[in-house]
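In case you want the letters, here they are:
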Amino acid sequence: MRRSPLVVVLAAVTLALAACGGGSDDGAGPDTGGQPDKVNAGVIAILDVAPIYLGKQKGFFSNRNIDLTLTTAQGGAAILPAVLSGQYQFGFSNTISLLLAKSQNAPVKVVSNGNNSTGVDGKDFAGLFVKADSPVRSPKDLAGKTVAANTLKNIVETSVRASVRKDGGDAAAVKFTELPFPEQVAALQAGRVDAIFVVEPFQQTAVAAKARKIASSYVDAAPDLTVAMYFTSQQLISSNADLVTRFTEAMKESLAYADAHPEEVREVLGTYTKIPPEVRDALVLPKWPADVNRQSVEALADLAVTDGLLTQKPDVAALLP
């Protein structure tokens, strides 16, 4: 299997950490003087991470003696090595990226759930779309066709192939091309791709462009799919387990609060994204359960092996809390 850039970066960082005896100073050692622990968490400026912003705003982290800084990155491919090097103490990444890292023996550990699918077909925060007049009527028709994905060899490919397989099609025959979410609707309308897979708020852009949803692929991949999770390095767990515990507790409170207060989620989105109020009001929100759906992570790991993203199933139990 061709190694992705993420695998190469993770391998280099892991070797560097081993060579220097565990990595650089993570900047968040044990609390010795009563001062708050300064924590830098790597996130992505998307809907999925609203709970951590809301939790910071509500004081769930400061109440646990954590001075939280949220630093945005382009995606998990940048966040994973930054956590391993100690640049970030915690990070947010989709489940497939974390499984891939674990399969490469990267010293990462999940500490908290991130976000989940709604579990409702047709009413999820992400979807597989085609043009209104496309001859593609259902996922099985995508065999031999090209689907736009924001990143290759990742959760989008796994989920879309699950939809095709569920519909009785040849999942291996689907082709993917990498295209950032903001560019996907225009590419679909111009006929440069046959289908797109987008999350909110880009799903609303697709709906406004009269694109036709043919699947809720996160729903097809596994019931109540855990799409992403927060994680840290084994080095931080060894050096400051108390901080990891407090961060985890704050995240659980943040997730529960976000799930129970959707209107406050829509409001906090305005503090770290450029999504206008009228679009925020229309968004389909994901679910934010406090606990990881372990069965769904196992299912994704199995699918990743089936699809060739992983050569063998990683130790899921060792990855999860």
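Scroll up to find the structure.
Residues numbered from 1 in each chain as written. Predicted model: local features only at pLDDT ≥ 70, side-chain atom pairs only at ≥ 80, totals over all residues. Heavy atoms only, no water.

(A) Spatial organisation of the overall build of the protein chain. Scanning the protein chain from terminus to terminus reveals 14 helices and ten strands. Taking all contacts inside the protein chain whose residues are at least 6 apart in sequence as the whole, residues at least 24 apart take part in 79%. (Helix = DSSP H or I, 4+ residues; strand = E, 2+ residues; numbered from the N terminus. Contact = heavy atoms within 4.5 Å.)

(B) Highlighting the pattern of salt bridges. Tallied over the entire structure, the rule returns 13 salt bridges. Of the charged contacts in the structure, one is a salt bridge between Arg64 and Glu249, with a shortest N-O distance of 3.7 Å. Of the two residues, Arg64 is situated in the loop between helix H2 (50-58) and strand E2 (66-72) and Glu249 in helix H10 (residues 241-260); the sequence distance between them amounts to 185 residues. Salt-bridge contacts for Glu253 lead to Arg64; the nearest nitrogen and oxygen are separated by 2.8 Å. With Glu253 in helix H10 and Arg64 in the loop between H2 and E2, this residue pair connects regions lying 189 residues apart in the sequence. Bridged by salt links that share partners, the residues Asp37, Asp242 and Arg246 form one connected network. (Salt bridge = Lys/Arg side-chain N within 4 Å of Asp/Glu carboxyl O.)

(C) Examining the sheet that holds strand E9 (residues 212-215) more closely. If you walk across this open sheet you meet the five strands as E7-E6-E8-E5-E9, and the pairing is mixed. The sheet is open, and its two edges are formed by strand E7 (175-178) and E9, each paired on a single side. Each strand axis lies, on average, 35 degrees off the axis of its neighbour in the sheet, ignoring direction. By the bridge criterion, two bridges tie strand E6 (residues 146-149) to strand E8 (residues 195-199) in an arrangement that is parallel. Within the sheet, the bridge partner assigned to Val147 lies in E8 and is Ala195. Lying over the sheet, helix H5 (residues 155-166) contacts strand E5 (126-130), E6, E7, E8 and E9, oriented at roughly 150 degrees with respect to E7. (Pairing = 2+ DSSP bridges. Axes fitted to C-alpha atoms, helices over the stretch in contact; angles between N-to-C directions.)

(D) Layout of the sheet that holds strand E4 (residues 108-116). Ordered in space as E2-E1-E3-E10-E4, the five strands form an open sheet in which the pairing is mixed. With one partner strand each, in any of the chains shown, E2 and E4 form the two edges of the open sheet. Between one strand axis and the next, the sheet turns through 25 degrees on average, direction left out of account. As paired strands, strand E1 (residues 37-43) and strand E3 (residues 90-94) are joined by two bridges and run parallel to one another. Following the sheet pairing, Gly42 is matched in E3 by Gly91. Packing of H2 onto the sheet brings it into contact with E1, E2 and strand E10 (226-233), and relative to E2 it is tilted by some 145 degrees.

(E) Representation of the layout of surface pockets. By volume, the largest pocket amounts to about 1,100 Å³. The wall of the largest pocket is formed by 40 residues, among which Ile44, Gln74, Gly75, Asn150 and Thr151 lie closest to the centre. If you list the elements that add at least two residues to the lining of the largest pocket, you get helix H1 (5-19), helix H3 (76-85), E3, helix H4 (95-103), H5, helix H6 (181-189) and E10. The element that contributes the greatest number of residues to the lining of the largest pocket is H3, accounting for three residues. Tallied by class, the residues present in the lining of the largest pocket amount to 25 nonpolar, eleven polar and four charged. (1 Å grid on protein atoms, 1.4 Å probe; cavity = no way out; pocket = protein on both sides within 12 Å on 5 of 7 lines; lining within 4 Å. Points joined across faces, edges and corners; volume = space filled by probe spheres on them. Nonpolar A, V, L, I, M, F, W, Y, C, P; charged D, E, K, R; others polar.)

(F) Broad picture of the environment of Gln203. Structurally, the position occupied by Gln203 is in helix H7 (residues 202-208). Through-space distance from the C-alpha of Gln203 to that of Phe125 is 7.5 Å; in sequence the pair is 78 residues apart. Excluding residues within four positions of it along the chain, Gln203 makes contact with Asp124, Phe125, Ala126, Gly127, Phe129, Val198, Lys213 and Val284. Of the polar contacts made by the side chain of Gln203, one reaches the side chain of Glu200; its length is 2.9 Å. (Polar contact = N/O pair within 3.5 Å; in protein donor to acceptor, adjacent residues only side chain to side chain.)

(G) The environment of Val164, seen in detail. You can see Val164 is positioned in helix H5. Residue classification places Val164 among the buried positions, given a relative accessible area of 0%. Separated by 53 residues in sequence, Val164 and Ser217 place their C-alpha atoms 9.0 Å apart. Discounting chain neighbours no more than four positions away, the residues touching Val164 are Pro139, Lys140, Leu142, Gly169, Asp170, Ala171 and Val174. (Buried < 20%, exposed > 50% of the residue type's maximum accessible area, 1.4 Å probe, protein only.)

(H) Quick peek at the side chain of Lys102. The residue Lys102 is located in helix H4 in this model. As a buried residue without a salt bridge, Lys102 has its nearest oppositely charged side chain in Asp315, at a separation of 6.9 Å. (Lys, Arg positive; Asp, Glu negative; His and termini not counted.)

(I) View of the packing of H10 against helix H11 (residues 262-272). Contact geometry for H10 and H11: axes closest at 5 Å, N-to-C directions at 105 degrees. On the basis of their axis angle, the class for H10 and H11 is roughly perpendicular. On the side of H10, the interface is formed by Tyr257, Ala258, Asp259 and Ala260, while H11 contributes Pro262, Glu264 and Val265. In the contact of H10 with H11, the residues fall into five nonpolar, no polar and two charged. (Parallel < 35°, antiparallel > 145°, perpendicular 65-115°, else oblique.)

(J) Here's a closer look at H10. For H10, with 20 residues, the first-to-last C-alpha span of 29 Å sits near the 28 Å given by 1.5 Å per residue. Inspection of H10 places Leu243, Val244, Arg246, Phe247, Thr248, Ala250, Met251, Ser254, Leu255, Tyr257 and Ala258 among the buried residues, and these make up the whole buried set. (Expected span 1.5 Å × (residues − 1).)

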